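# Structural features, examined
If you want the building blocks of each chain, they are given just below.
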Amino acid sequence: MKNKNGFTLVELLAVIAILAILVIIALPNVLEIFNNAKKDIFLTETKTVIKKTSDKYISEVMKGNKIDHINSLDETKLNLSNNNLKYDIKLDNKGNVLSYVISDNNFCLESTKNIYDVTADDVTNGSCDSVGDLNSILGREELKKGTYFTDKVLSDNVIQSDNDIDFTIKNYNGDKYTLNMDSDQIEYSIKNIIYYYGNNLYLHPESGKLSPLGGSSSNDIISAYNSGNIVFCENSDSCDIMYKIDSVKSNSVLLVKRITTIPNQRTSNGNGLFYNGNGNSKIYYFRGDVGNNYIKFADIMWRIVRFNDDYSIRIISDTGVTKSAFNTSVGDNAYVGYMYGNAGSNNYNSTHKNLNDSTVKTVLDDMYKKFEKDYSSYLIDAGFCADRTLADPSYTKFDSTAYGITDEASKVIDTGLGYGNNFTLYSAFYKYQEKLKPSFKCNKNDFYTVSNKKGNTALKYPIGLLSVDEAIFAGAQFNSLNTSYYLYNESVPWWLMDAGGNYNNPEDLNNITTIVSAGSQGVYGQDVRSELSVRPVINLKNNVVYKSGKGTYSDPYQIELK
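The following refers to the structure shown. (Residues numbered from 1 in each chain as written. Predicted model: local features only at pLDDT ≥ 70, side-chain atom pairs only at ≥ 80, totals over all residues. Heavy atoms only, no water.)

## Concerning the overall build of the protein
A count of helical and extended segments in the protein gives eight helices and 33 strands. Counting across all 562 residues of the protein, residues that qualify as buried make up 45%. Pairs at least 24 apart in sequence give 63% of the contacts found in the protein among residues at least 6 apart. (Helix = DSSP H or I, 4+ residues; strand = E, 2+ residues; numbered from the N terminus. Buried < 20%, exposed > 50% of the residue type's maximum accessible area, 1.4 Å probe, protein only. Contact = heavy atoms within 4.5 Å.)

In structure tokens form, the structure reads like this:
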């Protein structure tokens, strides 16, 4: 009699075995179908890349820029929804695509064909060898989870070329407020109050308050106007709204124009993340009034200054950590140095050997020792420039006769010697008088490193100060004020590393002052004995990992080791 309740165990096993065989036979076909579907999606994305390339070329041409390539690793990168796509696209001088390499790590397309002639047969599995990524360029391991901090900062910003920045013009307005007088005449009904009036007005450049000049106070504003006073405030001699009287309409109504103030629209002349071509490499740096470059590290708030050429990240403390003199001795060119040689020497090289520590270097070294144990593994020996080069021979040397000093005994001329007590102004003074674009390059003797052979290997610890050029790139100007760039944080000036000069006072030739560069609202020379703020500068490794934060003051970047 047959069992009508179902299959036997043997029958079930047989069915399972048959199904398994069918799956094994069908699996390659299923996988191929799945792979082809993904390949089709990749092909669609490549067409989007080429279309966006054309759009990018046109938009750059409209800005006056010519580009001959589009690359996912630099400032020419496209705004794509798929951030995993890596590409390098070469263009002719009319923007036509010459060749392209596109990859999403699963597929690779490398071709010179018209993109619409490409088929699935042109696509290979795997990533393209000829499209590198930042990891391979820097020799970093690919992260299985998370993001390198360098990559995070780059992706958070629109990267701009600094070709259009004029480093010789003011990038700010000295006053915070500007007058705003209405063009329309309005009726003003006279009130029973005390008026403050005058024949002119004063605008306070910091507060934006308006004050009448040359007048007094009274409740009879018409009599005041008839006496030659044309402006008035209500109830206060310092006001937000002032009125200019054009005429009297009646014994209770004036025809006036309203005067207020508005914050000055400071010219940008560069705000954001920029890149500067430095030989074969690009240096990315923050400039201007930016608020997304804060990082909290070692319990200190820092600002990101720039990427070095190895993509390590240079940071400076947001405020002064302490105060110190740069050096305690003056009267010799040696003391302009972050490290210095033999005072009283009769030649430049002996004077500027890196033998002795400056006062500020000792302070910074002590500072580093306090967090060396817990944080040195985050840091790299990327070097610091303390420029002591002499003026280029083509520059017009300083001669005090140009400043009206004609007495031969009091006349001072820059010797350009750079040793002993000879009056010498160093390169920092002249190159900005000559309105030269700043540079991230540095001569080896003045490039301070610990063991990095690119520099002088004179340091004990990888900590230093900012250079004049770095401050200029950031938005400071030479002998000018700027309170609207991210390095301005305190009214107290802070030390920079570059030499200023050894200066003989024309009124007293025995009074010699040694100066180095300082920053705050601008860049200027400062007596080395001055007690200025110290803002340490360190360099984070290019393989530190982003942990959290948006880079703002309230939510700064946080990092960790992988």
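Still more to cover.
## Details of helix H6 (residues 359-375)
Between its first and last C-alpha atoms H6 spans 24 Å; for 17 residues at 1.5 Å apiece the expected length is 24 Å, and the two agree. Where H6 bends most, the angle comes to about 35 degrees, and this point is Lys-369. (Expected span 1.5 Å × (residues − 1). Bend = angle between axes of the 7 residues up to and from the residue.)

## A look at the nonpolar core
Among the nonpolar cores identified, the biggest contains 75 residues, and Phe-149, Phe-297, Tyr-338 and Leu-540 are the most heavily contacted of them. By size, the runner-up hydrophobic cluster in this structure holds 20 residues, among which are Leu-43, Tyr-57, Leu-78 and Ile-102. (Core = buried A, V, L, I, M, F, W, Y, C linked by side-chain atoms within 4.5 Å.)

## Regarding the environment of Lys-176
Tracing the sequence through the fold places Lys-176 in the loop between strand S6 (159-161) and strand S7 (177-181). Among the residues examined, Lys-176 registers a relative accessible area of 34% and is labelled partly exposed.

## Focus: the pairing of strand S20 (residues 313-317)
Most of S20 is tucked away: five of the five residues are buried. Bridge count for strand S19 (residues 300-307) against S20 is five bridges, and the pairing is antiparallel. When the sheet's bridge partners are listed, Ile-304 is paired in S20 with Ile-315. Where S19 hands over to S20, the hairpin turn is made up of five residues, of which Tyr-311 adopts a positive phi near 70 degrees. Taken together, the four bridges between S20 and strand S31 (residues 537-540) define a ladder with antiparallel strand orientation. By the bridge assignment for S31, Arg-314 is matched with Asn-539. (Pairing = 2+ DSSP bridges.)

## Looking at the state of the cysteines
Throughout the structure, instances matching the rule amount to two disulfides. The disulfide partner of Cys-385 is Cys-442, and the S-S distance across this bridge is 2.1 Å. Between Cys-385 and Cys-442 the disulfide shows an S-S torsion of about 80 degrees. By sign, it is right-handed. With a gap of 57 residues between them, Cys-385 in strand S24 (residues 384-385) and Cys-442 in the loop between helix H7 (427-433) and strand S26 (447-448) connect regions that are remote in the sequence. By relative accessible area, which is 13% here, Cys-385 ends up buried. (Disulfide = S-S within 2.5 Å.)

## Quick word on the packing of aromatic side chains
Aromatic rings in a pair are described by how distant their centres are and how their planes are angled relative to each other. Within the structure shown, the criterion is met by 31 aromatic pairs. Geometrically, the ring pair formed by Phe-232 and Tyr-243 is stacked, given 5.3 Å between the ring centres and 25 degrees between the ring planes. In this pair, Phe-232 is assigned in strand S13 (residues 231-234) and Tyr-243 in strand S14 (residues 242-248), connecting sequence segments eleven residues apart. For the pair formed by Phe-232 and Tyr-243, the shared burial category is buried. Across from the ring centre of Tyr-294, 3.7 Å away, lies the NZ or CZ of Arg-303, which sits over that ring. (Phe/Tyr/Trp six-rings, centres within 6.5 Å; stacked < 30°, edge-to-face > 60°. Lys NZ or Arg CZ within 6 Å of the ring centre and 35° of its normal.)

## Points about the pattern of salt bridges
Summed over all chains, the structure comprises 21 salt bridges. Residues Lys-437 and Asp-162 are paired through a salt bridge, measuring 3.1 Å at the closest nitrogen-oxygen approach. Taken together, the positions of Lys-437 in the loop between H7 and S26 and Asp-162 in the loop between S6 and S7 put the pair 275 residues apart, joining distant regions of the chain. Residues participating in the shared-partner salt-bridge network are Arg-306, Arg-314 and Glu-470. (Salt bridge = Lys/Arg side-chain N within 4 Å of Asp/Glu carboxyl O.)

## A word on the side chain of Lys-431
Looking at the secondary structure, you find Lys-431 in helix H7. Owing to a relative accessible area of 14%, Lys-431 belongs among the buried residues under this scheme. In this structure the side chain of Lys-431 is engaged in a polar contact, spanning 3.0 Å, whose partner is the side chain of Asp-469. Here Lys-431 is in contact with Asp-387, Tyr-395, Leu-436 and Asp-469, once residues within four sequence places are set aside. (Polar contact = N/O pair within 3.5 Å; in protein donor to acceptor, adjacent residues only side chain to side chain.)

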